[in-house]
Amino acid sequence: MKRYVIAGASSRCHEMFAKPIVTNFKEQAELAGIFDINRTRAEYMSKDTDPSIPVYTDFDLMMKECAPDTVIVATVDRYHHEYIIKALDYGCDAITEKPMTIDEVTCNAILDRERETGKKVIVTFNLRFVPHITRIKELIDEGAVGKILSVNLEYLLDTTHGADYFRRWHRRKENSGGLLVHKSTHHFDLINWWTGEEPEVVYANGSTRFYGPTREKRSERCLTCSYTGECEFAVRYQDDPYMNEMYFKAEKEDGYFRDRCVFSDEIDIEDSMSVAVKYSKGALLTYSLIAYSPYEAYKISVTGTDGRLEMMAYLSGYGADGDANQILVFNRRGERVTYEIKKEWGMHGGSDERLQRMLFCNDMPDPLGLLAGSYDGAKSIMIGICANKSIKENRPVFVKDLLPGQK
Ligand SMILES: NC(=O)c1ccc[n+]([C@@H]2O[C@H](COP(=O)([O-])OP(=O)(O)OC[C@H]3O[C@@H](n4cnc5c(N)ncnc54)[C@H](O)[C@@H]3O)[C@@H](O)[C@H]2O)c1
């Protein structure tokens, strides 16, 4: 049985790793320790999963006392690299939440350290495990569109999910790399995985005109704001028992307010982004992300030498309650084939449960290469990191300049 410890008692870690390990995978995995710099949050995770699991605010002490095989890293993005590298140095493997890290220096340091130690880093790209996304990979590998020439991906975050990134640590690029790293790492990973090509050149534009200091009536946070009666973004997270335990009761330790104002001056991430990528064998990606759509959805089209594949998934609002997603494949004989992919209702469209099985039941076959490693993590963040640089410097940025070991 493998021993796991946690770095980062985050809400993601709670649902994705801590609870499933102690309930669904207790034959295969043991959760030996929980570390977070915030003791209240770490203690709550232990209490809510298995109160016998020890809690630490000192990572090294946890590593010494718990002697794990694998460290699960699920902290604020800017600290991922610290715990991944420490895990490798302790002779452990690391399973890290996305994004693997947020800049090129720490990204290259992770790749180097992994190679030097011979240990392994897994990046949990759960989006790959959504049934219709996996099916697209199968169709592409079977030759449904021939050689890929062009990909379009439009991702729409709604004003519930999208706004949340502007309420907390994600809203500072120094913490998350902005949405082009934090969020788009999932999307760029899919394109890298589907095309099997290396991203080569990135050009991007971005702006913040919906959130940020766009209105007069604003405050530090909703809890103490006098405009909540008239603000459509006002939240009362303190009324939710889970949010209250996780964040409001813990904020005295670190000032992490879960309900900061989405119209703050402090926000320096974009809410509208558009990116163009050229790949090593010539495929072109046109990508956009907005964080203020009236509904949440994504639209994908992949066009190749032999045809075109289209898919649109509605995640909230209009169209979201159907029980299947459709993939349409158009060939060059004028035919259209429709693939109905039944939705699964687990976390993130059933993808989290599938990923957990692959992570914790070691004997699962993986012919499609669903489980992503450090190089997949690196390539996907590198597009976002290059895009950020391109926005700042208004020029195309070459991935190889930031990722010298690119294959
Ligand atoms: N794959 C997915 O679908 C998915 C979904 C949500 C979040 N995530 C990822 O999970 C991670 C956690 O996100 P969340 O929204 O659940 O976070 P969160 O805000 O709930 O928690 C962040 C945690 O990090 C801790 N922390 C802050 N600084 C630290 C440090 N220096 N060392 C150790 N711990 C520190 C905080 O105390 C807090 O407990 C992020 O990397 C995010 O990208 C992935």
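Above: the structure in question.
Numbering of residues starts from 1 in every chain and runs along the sequence as written. Predicted model: local features are reported for residues with pLDDT of at least 70 only, side-chain atom pairs are reported and counted for 80 or more only, and whole-chain, interface and lining totals are derived from all residues. With hydrogens and water set aside, each side-chain value is computed from the structure's full complement of heavy atoms.

Q: Lay out the pattern of salt bridges with the relevant residues and their values.
A: Close approach of charged atoms allows side chains of opposite charge to pair. A side-chain nitrogen of Lys or Arg and a carboxyl oxygen of Asp or Glu constitute a salt bridge if their distance falls within 4 Å. On inspection of all chains with the given rule, the structure shows 39 salt bridges. Between Glu30 and Arg3 there is a salt bridge, and its shortest N-O distance comes to 3.2 Å. On the criterion of sequence distance, the pair formed by Glu30 in strand S2 (residues 29-35) and Arg3 in strand S1 (residues 2-7) is long-range, its members being 27 residues apart. Between Arg221 and Glu251 there is a salt bridge whose closest N-O contact spans 3.0 Å. Numbering of helices and strands runs from the N terminus; a helix is a DSSP stretch of H or I covering at least four residues, while a strand is a stretch of E covering at least two.

Q: I'd like a description of the site of the ligand, backed by residues and values.
A: We call a residue near a molecule or strand as soon as one heavy atom of that residue lies within 4 Å of the molecule or strand. Around the ligand, a shell composed of 27 residues is seen, among which Asp36, Asp77, Tyr83, Tyr247 and Tyr256 lie nearest. At 3.5 Å, a backbone N or O of Val76 approaches an oxygen atom of the ligand. The contact in question runs from an oxygen atom of the ligand to an N or O atom on the side chain of Tyr247, over 2.5 Å. Here the accessible surface of atoms and residues is derived via Shrake-Rupley with a 1.4 Å probe, and residues count as covered only by protein chains that are part of the display. Contact with the protein chains hides 91% of the accessible area of the ligand, taken as 860 Å² for the molecule alone. Mapped by element, the contributors of at least two residues to the shell around the ligand are helix H1 (11-23) and helix H4 (80-89). Residues are sorted three ways: Asp, Glu, Lys and Arg are charged, Ala, Val, Leu, Ile, Met, Phe, Trp, Tyr, Cys and Pro are nonpolar, and all the rest, Gly among them, are polar. Tallied by class, residues from the shell around the ligand come to 11 nonpolar, 9 polar and 7 charged. Pairing of N or O atoms within 3.5 Å defines a polar contact, subject to two protein rules: one partner must be a possible hydrogen donor and the other a possible acceptor, and residues neighboring in sequence count only if both atoms are side-chain atoms.

Q: Outline the pairing of strand S7 (residues 148-158), supporting the account with residue identities and numerical values.
A: The two faces of the sheet receive side chains in turn, since in a regular strand these alternate between them. Bridge count between S7 and strand S11 (residues 297-304): 8 bridges; the pairing is antiparallel. Its bridge partner lying in S11, Asn152 is registered against Ser301. Two strands qualify as a pair provided that DSSP identifies no fewer than 2 bridges between them. Two strands pair when backbone bridges link them, and S7 and strand S10 (residues 284-293) are joined in this way by 8 bridges, in the parallel orientation. Considered in S10, the bridge of Asn152 is made with Thr286.

Q: Break down the sheet that holds S10 for me, with residues and values.
A: Ordered in space as S14-S13-S12-S11-S7-S10-S9-S8-S16, the 9 strands form an open sheet in which the pairing is mixed. Strands at the two margins of the open sheet, each flanked by one partner only, are strand S14 (336-342) and strand S16 (397-398). Contacts: residue pairs with any heavy atoms within 4.5 Å of one another. Lines fitted to the C-alpha atoms define the axes, with helices restricted to the stretch that makes contact. Angles between their N-to-C directions range from 0 to 180 degrees. Along the sheet, helix H10 (residues 184-195) makes contact with S7, strand S8 (199-207), strand S9 (272-279), S10 and S11, crossing S7 at roughly 160°. Its contacts with the sheet place helix H14 (residues 374-393) against S8, S9 and S16, and it is angled at close to 50° to S8.

Q: I'd like a description of the packing of aromatic side chains, backed by residues and values.
A: Stacked, tilted and edge-to-face are the three classes assigned to paired rings of Phe, Tyr and Trp, where Trp is represented by its six-membered ring and a pair needs centres within 6.5 Å; plane angles under 30 degrees give stacked, over 60 edge-to-face, the rest tilted. The full count for this structure, using the stated rule, is 16 aromatic pairs. Among the aromatic side chains, those forming a connected cluster through ring pairs are Phe166, Phe210, Tyr211, Phe233, Phe263 and Tyr292. Only when the NZ of Lys or the CZ of Arg is both within 6 Å of the ring centre and within 35 degrees of the ring normal is a charge said to sit over the ring. Over the aromatic face of Tyr375 sits the side chain of Lys407, whose NZ or CZ is 4.1 Å from the ring centroid.

Q: A description of the environment of Ile148 should follow, citing residues and the corresponding values.
A: Along the chain, the position of Ile148 falls in strand S7. For Ile148, a relative accessible area of 8% translates into the label buried. The spatial distance from the C-alpha of Ile148 to the C-alpha of Tyr242 is 45 Å, given a sequence separation of 94 residues. If near-sequence neighbours (up to four positions away) are discounted, Ile148 is found in contact with Ile140, Trp194, Thr195, Glu197, Ala283, Val302, Thr303 and Gly304. Relative accessibility decides the category of a residue: with a 1.4 Å probe and only protein chains considered, values under 20% of the type maximum give buried, values over 50% give exposed, and everything between is partly exposed.

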